[in-house]
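Topology and contacts: notes
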Amino acid sequence: MVQSSNEKNNSRQYLDGQLDENIAVIKKILGNSADLIIRKSRIGRLNHPFALIYIKGLINEDLLNKNILKILELNRKHIHSNLFDHVYEEILAIAEINRSKEMKQVIKTLLAGDTVFLLEGESEAALIGTSGMEYRALEEPQSESVIRGSRVGFIENFKINLSLIRQEIKDPNLRVDMMEVGTHSNQKIAICYIDGVVREDLLQEVLRRVKTIDIDFAPDSGFIEQWIEDNLLSPFPQILDTERPDRVAFNILRGKIAIIVEGSPFALLMPITFGDSLKSIEDYNQRWLISSLLRLLRLFSFYMTIFLPALYVALISYHPELIPAQLLFTITAAREGIPFPSLIEALILVFFYEVLQEAGTRLPYKISQTIGIVGGIVIGQLAVMAGIVTPIMVIVISLTAICAFTIPNYSFAIGLRIVRLATIFAAATLGLYGIILVFIMIYVHLANLKSIGVPYTQSFSPGNLWTLENIVVRAPITVLSKRSFQPFLKSNRKKKDGGSVK
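Residues numbered from 1 in each chain as written. Predicted model: local features only at pLDDT ≥ 70, side-chain atom pairs only at ≥ 80, totals over all residues. Heavy atoms only, no water.

Of the consecutive residues Met270 and Pro271, the connecting peptide bond is found in the cis state with omega at -15°. Within the fold, Pro271 resides in the loop between strand 10 (267-270) and helix 10 (288-317). Unlike most non-glycine residues, Asn186 shows phi in positive territory, near 50°. Along the chain, Asn186 falls in the loop between strand 6 (174-181) and strand 7 (187-194). Of note, Ile452 is a non-glycine position whose phi angle comes to about 50°, a positive value. Tracing the chain through its elements places Ile452 in the loop between strand 11 (450-451) and strand 12 (454-455). Residue classification places Ile452 among the buried positions, given a relative accessible area of 3%. (Helix = DSSP H or I, 4+ residues; strand = E, 2+ residues; numbered from the N terminus. Buried < 20%, exposed > 50% of the residue type's maximum accessible area, 1.4 Å probe, protein only.)

As C-alpha cells, then:
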C-alpha cells in the first residue's frame, strides 16, 4: 500500500532541500499551532528563499529583530559561494548556533524556545539560540530567611540558576551533567558536583536513579526527589531541598551532589544525614558560640515538637504523681467542666493548628497574617471560654507549633507532624511507656534509613563521632578540619600517603 504524502512527511527523520516540504512537516508535527511563527524572505544574489521559524512567546524577539534579521538583510544581495555557511558564520558572532539535519532536533529546538533557519536547497538547518522568555527577578528566598547572609535565591529560569552556582564556585573541576526527564515536557535537569571531591559510587548511583525516571511532566523538583529517594514511607526527607545558591555551593564543596530542575526554584542536595536538616547556612556566618547555641536550641525544639503534647497527655492520664502538687491543683481546677479527655482535647487543638497553618500558607500574605491573628488568638480564647479546651493545653500546643518553626528545613518540619500524632496516641494508650516505645522506634527507623545509600545517622556512628563538632555544635572555623566539612569522602580521614587530613 502506498503511503500518502502527509504520512511520509510526518514520518520523515531528516530534512531535505525542499523548503516548503520541510515547513509542511514542521507544521504537521506541531499541529499547525497558532503560536508557530514562520517568516519567509529571500537572500543572496539569486534570491534564495529562506524561512525563520520560532514559537512566539518563547524567544527573545529583540535579539531576533535587531541582530539576526539585520544580518540577513545585509546579506540579501551578498554574493557568496556557499550562502548557508556564510550566514551561519555571521550569526555565530552574536548568538549560540548549531547545525542539524535531523527533524527531531529541529522540533526539539523550537520547543526549547530557539529559532530555526531553513534555506532552499539545503538539507541542513541552523539552530539559533534565541530563547529568552520573561522570568521574575532575583529576590530573597521565602522559605529560608537569614539575618546575615546572601539575599539571592533561585528562580524558575534554568540557565540563571546554573549561573548562580557558577558564580559561587569558581572551580574548573565543577561538573554539570545534563539530562532530560518528562515524556511530554522534555525538561532539562542538571547534576552538579566537584570532580575529585564527590564519591564516584554515589555519583553513579544518582545517575542510575535519575535515568529510571519515567513521568510525563515534573512541575517541580519534588517529583524528582520522590522518585529517587530510598524510603517512600518515611516521614523524614532523605534529600534536602533549598532555594539558596550559597547553600548549594557550600554542600557541593563538601562532596555532595546537587540537582537543578528546569522550571523549579528549588535545588536538591544529596546525600544528607540527620544533622543536615537542622543546619542553616547562617550558622557559618555567625560566631561559633552563637551558632552552637542556636543548633542546640533547634535540637531541643526538635524533641519538643514531637514529644511535648504526648508528654502532657501521658502525665495527665497515667502519671499525675509526677506533676508537682501545686501545678496539679491548677491543672485539675482548669479541667473542671471540660467534657473531653486529654487525648481528644489534644487532637482538637492539633487539628485546629494544622488547619490554621494550611490556611495561612494558601492565602495571600496580607490575608494570612489576619487569619493567623484571628485564628490563633480569638478562636483559641473563645474555645477556652466555652469550656472545650483548657488554657494549659492551648499553651502546650502553641509552644509545640513555635518549636516547629525553628527547624530550618520545611520538608523536615512538616514530616514531624505525623510523628507527633503517633506519640500522642502512644501516650494516651500506654503513658510514658508508650512515649519511650515510640522514641525507640524512631531511632531504629533513623538507624535503618539511608540517603542515596548513605546511612542517615552516619555522623553519629562510632567511627564518625569527630563530625559532631559540626553537627550538634559548631566548632570555631579555625578548628573545623576538612574532614568535618566532607563526611561523604572515602578518604576523609587519611591522605593517600597515610597522613592525616587537616
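Don't stop here, the text continues.
This next bit is on the pairing of strand 10. Here strand 10 shows a buried face lined by Ala267 and Leu269 and a second buried face lined by Leu268 and Met270. Note that strand 8 (residues 240-242) and strand 10 share three bridges and pair antiparallel. Within strand 10, the residue paired with Leu240 across the bridge is Leu269. Bridging between strand 9 (residues 257-261) and strand 10 involves three bridges; their strand directions are antiparallel. By the bridge assignment, Ile257 is partnered in strand 10 with Met270. Between the antiparallel neighbours strand 9 and strand 10 lie five residues, among them Gly263 with a positive phi of about 90°. (Pairing = 2+ DSSP bridges.)

With that settled, consider the packing of helix 10 against helix 14 (residues 391-404). The contact between helix 10 and helix 14 brings their axes to 8 Å, and the two run at 160°. The orientation of helix 10 with respect to helix 14, classified from their angle, is roughly antiparallel. By crossing handedness, the relation of helix 10 to helix 14 is classed as left-handed. Contact residues: helix 10 offers Ser301, Met304, Thr305, Leu308, Pro309 and Tyr312, while helix 14 offers Ile392, Met393, Val396, Ile397, Leu399, Thr400, Cys403 and Ala404. Here the residues of the contact of helix 10 with helix 14 are counted per class, giving eleven nonpolar, three polar and no charged. (Axes fitted to C-alpha atoms, helices over the stretch in contact; angles between N-to-C directions. Parallel < 35°, antiparallel > 145°, perpendicular 65-115°, else oblique. Left-handed = near helix turned anticlockwise from the far one by under 90°. Contact = heavy atoms within 4.5 Å. Nonpolar A, V, L, I, M, F, W, Y, C, P; charged D, E, K, R; others polar.)

Just geometry here; none of it tells us what the structure is for.
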